[in-house]
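Remarks on the overall topology
Listed below, chain by chain, are the residues.
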Amino acid sequence: MMTALVSPSSPTRVIAPITEKSQAPFFCPVCHAEVILKKGKIYVHHFAHVADSACDWDGGESPAHRKCKIEIYDALVKNPRVRNCEMERGLGSVRPDISCRIDHHPVAIEVQVSTLSLDKITYRTQEYYKKGIYVLWVSPSDEKNTSHIVQVSPWRKWLHALNFGKIFYWQNGLLLDAYHYTPHTTWVEEKEWYVEGGHGEMESGGGYEKTLRRTKESHLIGTFNLIDDFVPSYHKGWSGKNLFIPPANIWSL
C-alpha cells in the first residue's frame, strides 16, 4: 500500500515516498493494524503489514504496480485540470489505486498487473458504474505484453472489449500506449500421404490459414495523454461466447 493512517482513529493519511520512518507509527486504512514503512534503494517505497497479517490490503502489489501508481498520481496532482486526487481512497465497496476529478468528471484509475481475478475486475467495474464514476484500467508496459504477438489472458481480452477494442499500457507520467488486438493466424502447409492399408490411395490436407486461439497480433494505435485525449464514455454492456461486459462508465479514448 502507498498510504497509511497516522492513527487508527484519525482519517489523516501519509504517502510512503514523502514520509520518513521517524514519523512512525503508521496504521492500515482497512484493518487499522500497525504497518511498517519500507524504504530502500531498489523497490518503490511503500507500507506493509507485518508477516502473517490476516489483512490482504497490501497483498500482491508488485514493484511495477507501485511505480505505475505513484508516478501517475504525481503527474495528476500537478495538472491544473485535476482536483481531489488521492491514492487508495476508500469508496465503500471499492478502493481505487487513484481517484480524482478531471474537470468535473469523477475518475478512478486501477492499475492491473496479473494478481486481480477477472471476477474482481468485473465487480469493481460494476461498482464504479453504480457510483457514477468513470474507470480507467491500465497496466505497466513490458515487452512481453506489447510485442507484436502476445498471449492474451482472459482479463486482457475482457479489458480490450470493455474499451471498444483497445487496451492501455502506462508509458510514463500521464502517457498511455493504446493497443488493438487482431486474430493471429498461421499457414498450415499442404501435405499428401498414403492411407495405411488403402491399396495405394492418397489423401491430402492443409493448405489453409489457421486462426490460433491463445495468441493475438498486437498493434500500437498510438500514445495518448490520459487527461487531454481521454473522455468519459458509456459502454452499454455486451455478452458473447465466454465473455460478459456489464454496463460501465469508462474513461477512454
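Residues numbered from 1 in each chain as written. Predicted model: local features only at pLDDT ≥ 70, side-chain atom pairs only at ≥ 80, totals over all residues. Heavy atoms only, no water.

**Here's the deal with the overall build of the protein**
Each helix and strand in the protein was counted, giving four helices and 19 strands. In terms of C-alpha radius of gyration, the protein reaches 23 Å, well past the compact-globule figure of 18 Å for 253 residues. Dimensions along the principal axes, computed over C-alpha positions, put the protein at roughly 85 × 40 × 30 Å. Evaluated residue by residue, the protein yields a buried proportion of 45% over its 253 residues. Residue pairs in contact within the protein that sit at least 24 positions apart in sequence constitute 55% of those at least 6 positions apart. Entry remark: accessible area of the protein is about 13,700 Å², with carbon and sulfur atoms responsible for 52%. Averaged over its 29 positive side-chain charges, the protein has a centre that lies 8 Å from the centre of its 28 negative ones. (Helix = DSSP H or I, 4+ residues; strand = E, 2+ residues; numbered from the N terminus. Rg over C-alpha atoms; globule rule 2.2 N^0.38 Å. Buried < 20%, exposed > 50% of the residue type's maximum accessible area, 1.4 Å probe, protein only. Contact = heavy atoms within 4.5 Å. Areas by Shrake-Rupley, 256 points an atom, 1.4 Å probe, with all protein chains shown as cover. Lys, Arg positive; Asp, Glu negative; His and termini not counted. Charge placed at Lys NZ, Arg CZ, Asp CG, Glu CD.)

**Description of the confidence of the model for the protein**
Predicted confidence across the protein gives a mean pLDDT of 86, with 91% of residues reaching 70 or more. For the protein, the element scoring lowest by mean pLDDT is helix α3 (residues 143-146), at 67; strand β19 (residues 248-252) scores highest, at 98. (pLDDT = per-residue confidence, 0-100.)

**Section: the environment of Ile-102**
Here Ile-102 is to be found in strand β7 (residues 98-102). Given a relative accessible area of 0%, Ile-102 falls into the buried group. In the structure, Ile-102 is positioned 88 residues away from Glu-190 in sequence and 57 Å away in space, judged by C-alpha atoms. When neighbours within four sequence positions are excluded, Ile-102 is seen to be in contact with Arg-81, Val-82, Val-107, Leu-226, Ile-227 and Trp-251.

**Some words on the layout of surface pockets**
Its boundaries defined by the atoms lining it, the second largest pocket holds a volume of some 390 Å³. Lining the second largest pocket are 13 residues; nearest its centre among them are Val-152, Pro-154, Lys-157, Arg-213 and Asn-242. Listing elements by their share of the lining of the second largest pocket, those giving two or more residues are α4 (154-162) and β15 (208-225). Looking at which element gives the most residues to the lining of the second largest pocket, the answer is β15, with four residues. (1 Å grid on protein atoms, 1.4 Å probe; cavity = no way out; pocket = protein on both sides within 12 Å on 5 of 7 lines; lining within 4 Å. Points joined across faces, edges and corners; volume = space filled by probe spheres on them.)

**Some points on the nonpolar core**
Core analysis: the biggest nonpolar cluster contains 40 residues, and Phe-47, Ile-72, Leu-76, Ile-109 and Leu-226 have the highest contact counts within it. Among the elements that make up this core, the one with the highest residue count is helix α1 (residues 63-77) (six residues). Ignoring anything within four residues of it in the chain, the contact list for Leu-226 reads Ile-72, Leu-76, Ile-102, Ile-109, Leu-136, Leu-174, Leu-176 and Trp-251. Membership of the second largest hydrophobic core comes to 22 residues, among which are Leu-116, Tyr-169, Tyr-179 and Ala-248. (Core = buried A, V, L, I, M, F, W, Y, C linked by side-chain atoms within 4.5 Å.)

**Observations regarding the pattern of salt bridges**
What the rule picks out here adds up to nine salt bridges. In this structure, Lys-67 and Glu-71 form a salt bridge, with 2.7 Å as the shortest nitrogen-oxygen distance. Here Lys-67 pairs with Glu-71, and both are found in helix α1, just four residues apart, close to one helical turn. On the basis of relative accessible area, Lys-67 is assigned to the partly exposed category, the value being 40%. The network of salt bridges with common partners includes Arg-13, Glu-86 and Arg-89. (Salt bridge = Lys/Arg side-chain N within 4 Å of Asp/Glu carboxyl O.)

**Topic: a positive patch on the surface**
Together, Lys-157, Lys-210, Arg-213, Arg-214 and Lys-241 give the surface a local cluster of positive charge. Looking at which element gives the most residues to the positive patch, the answer is β15, with three residues. Here Lys-210 lies in strand β15. Overall, the relative accessible area of 43% leaves Lys-210 in the partly exposed class. (Patch = residues over 30% accessible without salt bridge, like charges linked within 9 Å, V, L, I, M, F, W, Y side chains within 5 Å.)

**What about the side chain of Asn-225?**
Take Asn-225: it is sitting in strand β15. Residue classification places Asn-225 among the buried residues on the basis of a relative accessible area of 17%. In this structure the side chain of Asn-225 is engaged in a polar contact, spanning 2.8 Å, whose partner is the backbone nitrogen of Ile-227. Discounting chain neighbours no more than four positions away, the residues touching Asn-225 are Leu-174, Leu-175 and Phe-230. (Polar contact = N/O pair within 3.5 Å; in protein donor to acceptor, adjacent residues only side chain to side chain.)

**Topic: α4**
All buried positions along α4 are accounted for by Trp-155, Arg-156, Trp-158, Leu-159, His-160 and Leu-162. Just downstream of α4, Phe-164 is the residue with a positive phi angle, here 55°.

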